[in-house]
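Each chain is listed here by its residues.
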Amino acid sequence: PGGEDDETPVEKARYEGNFKDGLKHGVGKMVFPNGDLYEGEWCENMMNGEGTYTYKKSGDIYSGSWISNKKSGQGTYEFGGDSSMLVGSWIDGQITQGTWVLKGAAVYEGEFKLGRPIGEGKFNFESGLTQSGSYDVQKPAEGEEEEQPGEGEAPKPPNVFWKGNSIVSFTVAV
């Protein structure tokens, strides 16, 4: 029979920083059990104020404002895989307005919903070309129904497609 010696210790979060009335409060650094790291401001045990969160598994980094453990206010999310970035206004953990910087290619300016661009926007390409248009929601094929999230599940991001207008040319002054 197994005893206490057989149990693997459970990794717990580690916090270094300021406390107030026994709660994380002020500036501090937290390493979570999965290896994620948050360095920044805390208020009553919550990420609140300015801070940087590094996702160990993906290498993604969010740096900006937090309210009650959620990205809120101005911030930048850099994707570790391709160094693209979402820069702008965040509400309840989601970017809602800003730019999507596609490193070495283009910058998209517009609105976002559940992490995806949506509605009117504009691409500014590194070549100097510009294209305005809109990210429209992809309707389900005829006879198919849109999949709804189950009870307790987060809403799924919309399937969108880019509908671009004419590309605007440019001239180079010599």
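Relevant structure appears above.
Considering the overall build of the protein
(1) Moving on: Along the protein, the regular secondary structure elements total zero helices and twelve strands.
(2) Moving on: Helices and strands appear in the protein in the N-to-C order β-β-β-β-β-β-β-β-β-β-β-β.
(3) Moving on: C-alpha atoms of the protein, sized along the principal axes, occupy 70 × 55 × 30 Å.
(4) Moving on: The buried share of the protein, taken over its 174 residues, is 24%.
(5) Moving on: Accessible surface computed for the protein: about 11,800 Å², of which carbon and sulfur atoms make up 50%.
(6) Moving on: Across the protein, the 16 positively charged side chains and the 28 negatively charged ones have centroids separated by 3 Å.

Considering the side chain of Q131
(1) Moving on: Along the chain, Q131 turns up in strand β11 (residues 130–137).
(2) Moving on: Exposure remark for Q131: the relative accessible area of 14% places this residue in the buried category.
(3) Moving on: At 2.8 Å, the side chain of Q131 and the backbone oxygen of N165 are in polar contact.
(4) Moving on: Other than its neighbours up to four places away in sequence, Q131 contacts G121, K122, F123, F125, W162, G164, N165, S166 and I167.

Things to note about the pattern of salt bridges
(1) Moving on: A complete count under the given rule lists one salt bridge for this structure.
(2) Moving on: Put simply, K156 and E153 hold a salt bridge, and the shortest N to O gap is 3.7 Å.
(3) Moving on: With relative accessibility at 41%, the residue K156 sits in the partly exposed group.

As for the sheet that holds strand β12 (residues 160–168)
(1) Moving on: Ordered by their spatial adjacency, twelve strands build an open sheet running β1-β2-β3-β4-β5-β6-β7-β8-β9-β10-β11-β12, and the pairing between neighbours is antiparallel. Each edge of the open sheet carries a strand with a single partner, namely β1 (14–20) and β12. For this sheet the average axis-to-axis angle between neighbouring strands, irrespective of direction, equals 10°.
(2) Moving on: Pairing geometry for strand β7 (residues 85–91) and strand β8 (residues 94–102), over seven bridges, is antiparallel. By the bridge assignment for β8, M85 is matched with V101.

Cut-offs and rules
- Residue indices follow the written sequence of each chain, beginning from 1 at its first position.
- Given that this is a predicted model, residues contribute local features only at a pLDDT of at least 70 and side-chain atom pairs are listed and counted only at 80 or more, while totals for whole chains, interfaces and linings are drawn from all residues.
- Working from all heavy atoms in the structure, the side-chain values ignore hydrogens and water.
- The helix and strand labels rest on DSSP assignments: H or I over at least four residues marks a helix, E over at least two residues marks a strand, and numbering proceeds from the N terminus.
- Whether a residue is buried, partly exposed or exposed follows from its accessible area with a 1.4 Å probe, protein chains only, as a fraction of its type maximum: under 20%, in between, or over 50%, in that order.
- Working definition of accessibility: Shrake-Rupley area with a 1.4 Å probe, residue cover restricted to the visible protein chains.
- Positive charges are assigned to Lys and Arg, negative charges to Asp and Glu, while His and the chain termini are left out of the count.
- By convention, charge coordinates are those of NZ in Lys, CZ in Arg, CG in Asp, or CD in Glu.
- Under the rule applied, a polar contact is a pair of N or O atoms within 3.5 Å (in protein, one hydrogen donor and one hydrogen acceptor; residues adjacent in sequence only if both atoms are side-chain atoms).
- Contacts are residue-level and defined by heavy atoms, with any inter-residue pair within 4.5 Å sufficient.
- Think of a salt bridge as a Lys or Arg side-chain nitrogen and an Asp or Glu carboxyl oxygen that are within 4 Å of each other.
- When DSSP finds at least two bridges between two strands, those strands are taken to pair.
- Note on geometry: axes are C-alpha line fits, over the in-contact stretch for helices, and angles between N-to-C directions span 0 to 180 degrees.

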